[in-house]
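Commentary on secondary and tertiary structure
Listed below, chain by chain, are the residues.
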2 protein chains.
Amino acid sequence: MKARVIVTLKTGVLDPQGKAIEGALASLGVDGIASVRQGKVFDVELATADNASAEAALKQACEKLLANTVIENYRIETGV
Amino acid sequence: MKARVIVTLKTGVLDPQGKAIEGALASLGVDGIASVRQGKVFDVELATADNASAEAALKQACEKLLANTVIENYRIETGV
């Protein structure tokens, strides 16, 4: 089955990359952008078709590798 | 208003970062992961409350800066 994991910075954590994008968009003449925060997305193909075991494997993957849980939140979407 | 932009590699484009994550997950003992592809996510705060003009601004931002449309697809989700 397919799943998607979205990793974003926690609120309050400084995002210099997002700030740089804001500045670049302003100088490129794209108006109306108030703020940008960048995160990561992982499109995962799982061997199992079972929702619960897929979520368990993805939670383990996030905790161990994909997200730094000190400064990042992660969200798992199965069945995308 | 808030919006989210998801930028992913097009099918067929090699993703060495995703391959490295697959290998790392296998050596960390996370089972059941068949493949991983990494992308980027941008959480954008827009000055406008109008859906159409927000989408127009985000499309412009993607074409000009956020996505390399030769190798990447982008998807705009408004009202997240």
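Here is what the cut-offs are and how they apply
Residues numbered from 1 in each chain as written. Chains lettered and ligands numbered in written order. Predicted model: local features only at pLDDT ≥ 70, side-chain atom pairs only at ≥ 80, totals over all residues. Heavy atoms only, no water. Pairing = 2+ DSSP bridges. Helix = DSSP H or I, 4+ residues; strand = E, 2+ residues; numbered from the N terminus. Axes fitted to C-alpha atoms, helices over the stretch in contact; angles between N-to-C directions. Least-squares fit on C-alpha atoms with pLDDT ≥ 70 in both. Contact = heavy atoms within 4.5 Å. Salt bridge = Lys/Arg side-chain N within 4 Å of Asp/Glu carboxyl O. Buried < 20%, exposed > 50% of the residue type's maximum accessible area, 1.4 Å probe, protein only.

Things to note about the sheet that holds strand S2 (residues 33-46) of chain A
- As summarised here, the arrangement of the six strands in space is S3(A)-S1(A)-S2(A)-S2(B)-S1(B)-S3(B), forming an open sheet in which the pairing is antiparallel. The sheet is open, and its two edges are formed by strand S3 (72-78) of chain A together with strand S3 (72-78) of chain B, each paired on a single side. Going across the sheet, the axis of each strand differs from the next one's by a mean of 25°, ignoring polarity.
- Of the pairings in the sheet, the one linking strand S1 (residues 2-9) of chain A to S2(A) comprises six bridges and is antiparallel in character. Within the sheet, the bridge partner assigned to A:Arg4 lies in S2(A) and is A:Asp43.

Overview of the relation of the copies chain B and chain A
- The transformation that overlays chain B on chain A combines an axial shift of 0.0 Å with a rotation of 180°, and the residual RMSD is 0.0 Å. What the rotation and shift describe, once combined, is the action of a two-fold rotation axis. When C-alpha positions in chain B are compared against the rotation axis, the closest is assigned to B:Lys40, at 2.3 Å.
- The residues that chain B uses at the interface reappear at the interface of chain A in 100% of cases, marking a shared surface.

Remarks on the pattern of salt bridges
- The full count for this structure, using the stated rule, is eight salt bridges over all chains.
- Of the charged contacts, one joins A:Arg75 and A:Glu77 as a salt bridge, the two residues approaching to 3.0 Å between their closest N and O atoms.
- Take A:Glu77: its relative accessible area is 22%, and that puts it in the partly exposed class.
- Measuring nitrogen to oxygen at the nearest pair gives 3.6 Å for the salt bridge that ties B:Glu72 to B:Lys40. One end of the pair, B:Glu72, is in strand S3; the other, B:Lys40, is in strand S2 (residues 33-46), with 32 residues separating them in the sequence.
- A relative accessible area of 11% places B:Glu72 in the buried class.
- On the basis of relative accessibility, which here comes to 27%, the residue B:Lys40 falls in the partly exposed class.

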